[in-house]
Amino acid sequence: MSTENLPQSPDQPPRKPRVAVVFGGRSSEHGISMVTAGAVLRAIDRTRYDVLPIGITRGGRWVLTADDPERMAITDRRTPEVDDLAESSEGGVVLPVDPASREVVYSEPGSVPKALGDVDVVFPVLHGPYGEDGTLQGLLELSGTPYVGSGVLASAVGQDKEYMKRVFTSFGLKVGPYVVIRPREWERDESAARKKIVDLAAEHGWPLFVKPARAGSSIGITKVEDPAGLDEAIAEAQRHDPKILVEAALRGREIECGVLEYEDGPRASVPAEIPPPDAHAYYDFEAKYIDSTPGIVPAPLTPEETAEVQRLAVDAFEAASCEGLVRADFFLTEDGEFVINEINTMPGFTPISMYPQMWQASGVGYADLVDRLIQAALRRSTGLR
């Protein structure tokens, strides 16, 4: 679908495409999603698009919010909340479930529901479960509403680090050593589950990284230096996800690369390097978003290394059947090999985030990046493709 195909009256000028920016959500990345949404709302060209901001509270209520990017910023080291921007404490937004209609409805208890008009494309800037993981994408597929980013399968694969690694391995991409502890394993025999982790350390050494299997923004991750810290790290990861992933540490440089869908297929940005942060044990949530540890863009790589990581980033995009955008994260090991760590199908998207920075260095500015993603979504149909 293109903007030229939007319905319009012969007696009126062409209608601008209407973009619903959906943000917040039920995951632990709620606040970062709002920061991303503020940046996207600020960047969308209002002469080309009408915009409808829709927030999802931590409890899962869909609400109309103020179109006020300035209130979606990190303030005093605290991230914002959808509840603080909601226009009503009781009203809710309902997306269409009928593919023949794209009309969004707003209702409050005791009031007649109010039609808010059609939405032509959804820009879901949700991170983590209940938004980035295929759940929202499935709802939009049912309603026949185009949306920015990957579809149901790719979003689910990109969220679940275990199955992401399994897909990459099946396509010949190299991943680092890891083990997975599923909730039933932990409930059935904690000692056996813990032994899997200790055996990983025995083979590959300490430290280990204990992570929620289906979370992002480095939330819930602990770098564990020895067995004494293991139980606390497991409990922290399980606060965010009952399934946990434990990875052996890889010695090398952290390299990231952005992928963007063009009309002729995906292309890779110049890569970036994430240097070890001075005040943090690793590139954790605080280093990324609170202290804004800067990356090096472009990464100081040889032309051959740059070409290789760009090729691998596109390969990862294709392996998971991604659409729209992806940030692919790698380690460049001491023996000169790129090992893929993960992909993010809706990466951090603030102007200081690495994905927009890499594209800025590649000649695509932030506002242009937002426009390209919206146009790609309008060109693409929903359903099987």
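Residues numbered from 1 in each chain as written. Predicted model: local features only at pLDDT ≥ 70, side-chain atom pairs only at ≥ 80, totals over all residues. Heavy atoms only, no water.

K.L.:
Even after reading the chapter, I still don't get the UniProt feature "active site" (unreviewed entry) in the chain, so can you show me in this structure?
P.N.:
Under the feature "active site" (unreviewed entry), the UniProt entry names Glu29, Ser217 and Ser353. The topology assignment puts Glu29 in the loop between β1 (18-24) and α1 (30-43). Relative accessible area serves as the criterion here: at 3%, Glu29 is assigned to the buried category. Within the fold, Ser353 resides in the loop between β16 (338-344) and α10 (354-361). (UniProt positions renumbered as here; feature names shortened; annotations may be inferred. Helix = DSSP H or I, 4+ residues; strand = E, 2+ residues; numbered from the N terminus. Buried < 20%, exposed > 50% of the residue type's maximum accessible area, 1.4 Å probe, protein only.)

K.L.:
Hey, could you run me through the nonpolar core in this one?
P.N.:
Formed by 36 residues in total, the largest nonpolar core has its most connected members in Val21, Val40, Ile44, Phe123, Phe349, Val370 and Ile374. Contributions of two or more residues to this core are made by β1, α1, β7 (121-124), β12 (252-262), α10 and α11 (366-379). Among the elements that make up this core, the one with the highest residue count is α11 (7 residues). In contact with Ile374, not counting residues within four places along its chain, are Val19, Ile44, Tyr49, Val121, Phe123 and Val148. (Core = buried A, V, L, I, M, F, W, Y, C linked by side-chain atoms within 4.5 Å. Contact = heavy atoms within 4.5 Å.)

K.L.:
Can you walk me through the sheet that holds strand β4 (residues 92-94) in this structure?
P.N.:
Strand pairing in a sheet is mediated by backbone hydrogen bonds. Such pairs are either parallel or antiparallel. Read from one edge to the other, the open sheet built from 3 strands follows the order β4-β5-β6, with strand pairing classed as antiparallel. Two strands close off the open sheet at either side, each with one partner strand: β4 and β6 (114-118). Strand-to-strand, the axes of this sheet are offset by a mean angle of 25 degrees, without reference to chain direction. As judged from the 3 bridges shared by strand β5 (residues 103-107) and β6, these two strands associate in the antiparallel manner. Looking across to β6, one finds that Tyr106 is bridged to Lys114. (Pairing = 2+ DSSP bridges. Axes fitted to C-alpha atoms, helices over the stretch in contact; angles between N-to-C directions.)

K.L.:
Can you help me understand the packing of aromatic side chains in this one?
P.N.:
Following the criterion strictly, the structure yields 5 aromatic pairs and no others. Ring geometry for Phe123 against Phe349: centres 6.3 Å apart, planes inclined by 65 degrees, an arrangement best described as edge-to-face. Remark: Phe349 occurs in the loop between β16 and α10 and Phe123 occurs in strand β7; sequence separation between them is 226 residues. By the burial criterion, Phe123 is buried, and Phe349 matches it. Through pairs of rings, three or more aromatic residues link up here, namely Phe123, Phe349, Tyr355 and Tyr366. If you follow Lys165 out to its NZ or CZ, it ends over the ring of Tyr178, 5.5 Å from the centre. Here Arg267 stacks its cationic end above the ring of Tyr262, 3.9 Å away from the centre of that ring. (Phe/Tyr/Trp six-rings, centres within 6.5 Å; stacked < 30°, edge-to-face > 60°. Lys NZ or Arg CZ within 6 Å of the ring centre and 35° of its normal.)

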